[in-house]
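This is what each chain is made of:
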Amino acid sequence: MLVDVFRLRRAGEKLSEADFLVSPPVRGYLCSWSYAGGYRAGTPLRVQAVTLTACGRASGAALLPPLHNFRVVRFNGGGLILAGDEEVEVRRRHSEVYRQAWFCKPASQRESG
């Protein structure tokens, strides 16, 4: 699905309304997948993830860091909000994990230029 994604957080902190309004969207295709996430109490865990790519395949280069353990927070005619964990590389071989939310608004093929 071709969407415009507006990030709602920076480093885990909610964006102010002013910052949100000046942030440009990132256009791409939503792609989701699941993977083995270790074990809890002897039961294998599955992690759901979603990313945004230019090609429409989860194996494509991500336009935004993926959201892991995501869930749909809100869904209406204007779009949907996905929330999850975003892993960001802060320096070589070291990453930080932050809460992130995306507002995803459907985009038409005609608008993509």
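This text gives an overview of the structure that appears in the document. Being a predicted model, the structure only gives us computed values, none of them experimental. (Residues numbered from 1 in each chain as written. Predicted model: local features only at pLDDT ≥ 70, side-chain atom pairs only at ≥ 80, totals over all residues. Heavy atoms only, no water.)

**As for the overall build of the protein chain**
Stated formally: A run of H or I in DSSP counts as a helix once it spans at least four residues, and a run of E counts as a strand once it spans at least two, with each numbered from the N terminus. A simple rule labels every residue: compare its accessible area, found with a 1.4 Å probe on the protein chains alone, to the largest value its type can have, and call it buried under 20%, exposed over 50%, or partly exposed in between. Two residues form a contact once any of their heavy atoms are found within 4.5 Å. In this tally, Asp and Glu contribute negative charge and Lys and Arg positive charge; neither His nor the terminal groups of the chain are included. Note on charges: their place is set at NZ of Lys, CZ of Arg, CG of Asp or CD of Glu.
Within the protein chain, the regular secondary structure consists of 1 helix and 8 strands. Starting at the N terminus and ending at the C terminus, the protein chain contains elements arranged as β-β-β-α-β-β-β-β-β. Counting all 113 residues of the protein chain, 28% fall into the buried class. Partitioning the intrachain contacts of the protein chain with sequence separation of at least 6 by distance along the chain shows that 42% fall at a separation of at least 24. Averaging the positions of the 16 positive and the 10 negative side-chain charges in the protein chain gives two centres separated by 6 Å.

**Focus on the environment of R10**
Relative to the assigned elements, R10 resides in strand β2 (residues 9-10). Relative accessible area serves as the criterion here: at 51%, R10 is assigned to the exposed category. A C-alpha to C-alpha distance of 33 Å links R10 and A41, two positions 31 residues apart in sequence. Ignoring anything within four residues of it in the chain, the contact list for R10 reads L15 and D19.

**A few points about the nonpolar core**
Stated precisely, the cut-off is as follows: The term nonpolar core refers to a set of buried residues drawn from Ala, Val, Leu, Ile, Met, Phe, Trp, Tyr and Cys, joined through side-chain atoms within 4.5 Å.
Among the nonpolar cores identified, the biggest contains 11 residues, and these are V3, V5, L30, V50, L52, L64, L67, L80, L82, W102 and C104. Residue assignment for this core shows that the elements contributing at least two residues are β1 (2-7), β5 (43-53), β7 (79-91) and β8 (94-106).

**What about the pairing of β8?**
Just so we agree on the cut-off: Strands were regarded as paired on the criterion that DSSP finds at least two bridges between them.
Sheet analysis places β1 next to β8, joined by 5 bridges and oriented antiparallel. In the sheet register, V5 faces β8, and the bridge partner there is C104. Between β7 and the antiparallel strand that follows it, β8, lie 2 residues; R93 among them carries a positive phi value of about 65 degrees.

**Details of the packing of aromatic side chains**
The criterion, for reference: Any two of the Phe, Tyr and Trp rings considered here, Trp counted by its six-membered ring, make a pair once their centres fall within 6.5 Å; the pair's planes then place it as stacked at under 30 degrees, edge-to-face at over 60, or tilted in between.
Scanning all chains against the criterion turns up 2 aromatic pairs. Ring plane angle 50 degrees and centroid distance 5.8 Å describe the contact between F6 and F20, whose orientation is recorded as tilted. Pair noted here: F6 is in strand β1 and F20 is in helix α1 (residues 17-22), with a separation of 14 residues, a long-range link. Taking the relative accessible area as the measure of exposure, F20 reaches 26% and is therefore partly exposed. An aromatic cluster is present here, built from F6, F20 and F103 joined pairwise through their rings.

**Quick look at the pattern of salt bridges**
Rules: Just to be clear on terms, a salt bridge is a Lys or Arg side-chain nitrogen sitting within 4 Å of an Asp or Glu carboxyl oxygen.
According to the stated counting rule, one finds 4 salt bridges in the structure shown. The salt bridge partner of R27 is D4, with a shortest N-O separation of 2.7 Å. Here the residue R27 occupies a position in strand β4 (residues 26-40), and D4 occupies one in strand β1, the gap between them amounting to 23 residues. With a relative accessible area of 27%, R27 lands in the partly exposed category.

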